[in-house]
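Coordinate inspection notes
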Amino acid sequence: QVQLAESGGGLVQAGGSLRLSCAASGRTISSYGTGWFRQAPGKEREFVAAIHRSGGSTYYADSVKGRFTVSRDNAKNTVYLQMNSLKPEDTAVYYCAATSAPWVTRWYARREYGMDYWGKGTLVTVSS
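Just so you know, these numbers come straight off a predicted model, no measurement behind them.

In this section: the side chain of Arg67. Within the element layout of this structure, Arg67 appears in the loop between strand E6 (58–60) and strand E7 (68–73). On the basis of relative accessible area, Arg67 is assigned to the buried category, the value being 11%. In this structure the side chain of Arg67 is engaged in a polar contact, spanning 2.7 Å, whose partner is the side chain of Asp90.

In structure tokens, the structure reads:
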């Protein structure tokens with residue numbers, strides 16, 4: 001199994017940037033496809049971004065496309081989410097998650113995400 005720990009959340013003004021990190025332990029992160037999800041207060045959890053275990057392919061929710069970038073450094077067992085041009089509606093707890101499902105299953109686009117492991121989340125607050 002793999003343990004995931006998010007970091008990098010905090011308070012930022014609208015238009016600003018943050019970089020979230022998801023550090024893996026127990027197993028190498030290269031064994032898993034990784035996704036970022038978020039849950040705003042009072043709302044359901046939603047998909048944000050996904051990256052293939054090799055880093056060669058990515059997929060983004062329409063709401064963040066062009067503003068967020070997901071990347072990974074398998075040598076550091078870490079996945080990142082660079083968030084630019086942040087908006088107040090981006091305020092949420094951000095979670096990273098990992099799956100052994102093949103990319104071709106399009107797990108990142110499924111209503112039921114089917115992720116195998118979840119981090120505990122990091123709070124991002126964007127002020128207007």
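Our next topic: the sheet that holds strand E1 (residues 3–7). Reading across the sheet, the four strands line up as E1-E3-E8-E7 and stay open at both edges, with antiparallel pairing between neighbours. Lying at the two open borders of the sheet, with one neighbouring strand each, are E1 and E7. Across the sheet, the mean angle separating the axes of adjacent strands is 15° when strand polarity is ignored. As paired strands, strand E3 (residues 18–25) and strand E8 (residues 78–83) are joined by six bridges and run antiparallel to one another. Considered in E8, the bridge of Ala23 is made with Thr78.

With that out of the way, let us pick up the state of the cysteines. Taken as a whole and assessed by the stated rule, the structure comprises one disulfide. With its sulfur 2.0 Å from that of its partner, Cys22 forms a disulfide with Cys96. Disulfide Cys22-Cys96: torsion about the S-S bond near 65°, hence right-handed. Here Cys22, found in strand E3, pairs with Cys96, found in strand E9 (residues 92–99); they are 74 residues apart in sequence, far enough to count as distant. There is no split in this pair, since Cys22 and Cys96 are both buried.

A separate point is the nonpolar core. In this structure, Trp36, Leu81, Met83 and Tyr94 are the most contacted members of the largest nonpolar core, which totals 38 residues. Listing elements by their share of this core, those giving two or more residues are E3, strand E4 (33–39), strand E5 (46–51), E7, E8, E9 and strand E11 (122–127). Excluding anything up to four places from it in sequence, Tyr94 contacts Glu6, Leu20, Trp36, Phe37, Arg38, Val48, Phe68, Leu81, Met83, Gly121, Thr122 and Val124.

Across the two faces of E7 the burial differs, with Phe68, Val70 and Arg72 buried and Thr69, Ser71 and Asp73 not buried at all. Bridge count between E7 and E8: six bridges; the pairing is antiparallel. What sits directly across from Ser71, in E8, is Tyr80.

Criteria and thresholds
- Along each chain, numbering runs from 1 in the same order as the chain's sequence is written.
- Residues qualify for local features only when their pLDDT is at least 70, as the model is predicted, and side-chain atom pairs are given and counted only at 80 or more; totals for whole chains, interfaces and linings, by contrast, use all residues.
- To get the side-chain values, take all heavy atoms of the structure and skip hydrogens and water.
- Helix and strand definitions here come from DSSP, where helices need a minimum of 4 consecutive H or I residues and strands a minimum of 2 consecutive E residues; each element is numbered from the N-terminal end.
- Each residue is placed in one exposure class: buried if its accessible area under a 1.4 Å probe, protein chains only, is under 20% of its type's maximum, exposed if it is over 50%, and partly exposed if it falls in between.
- In the analysis that follows, any N or O atom pair within 3.5 Å is treated as a polar contact, provided that within protein one partner can donate a hydrogen and the other can accept it, and provided that, for residues neighboring in sequence, both atoms belong to side chains.
- By the convention used here, strands pair only if DSSP detects at least 2 bridges between them.
- The angle between two axes is taken between their N-to-C directions and runs from 0 to 180 degrees, where each axis is a line fitted to C-alpha atoms and a helix contributes only its stretch in contact.
- Here, two cysteine sulfur atoms that lie within 2.5 Å of each other are counted as a disulfide.
- Take the buried Ala, Val, Leu, Ile, Met, Phe, Trp, Tyr and Cys residues and link them wherever side-chain atoms come within 4.5 Å; each set so joined is a nonpolar core.
- We call two residues contacting when some pair of their heavy atoms lies within 4.5 Å.

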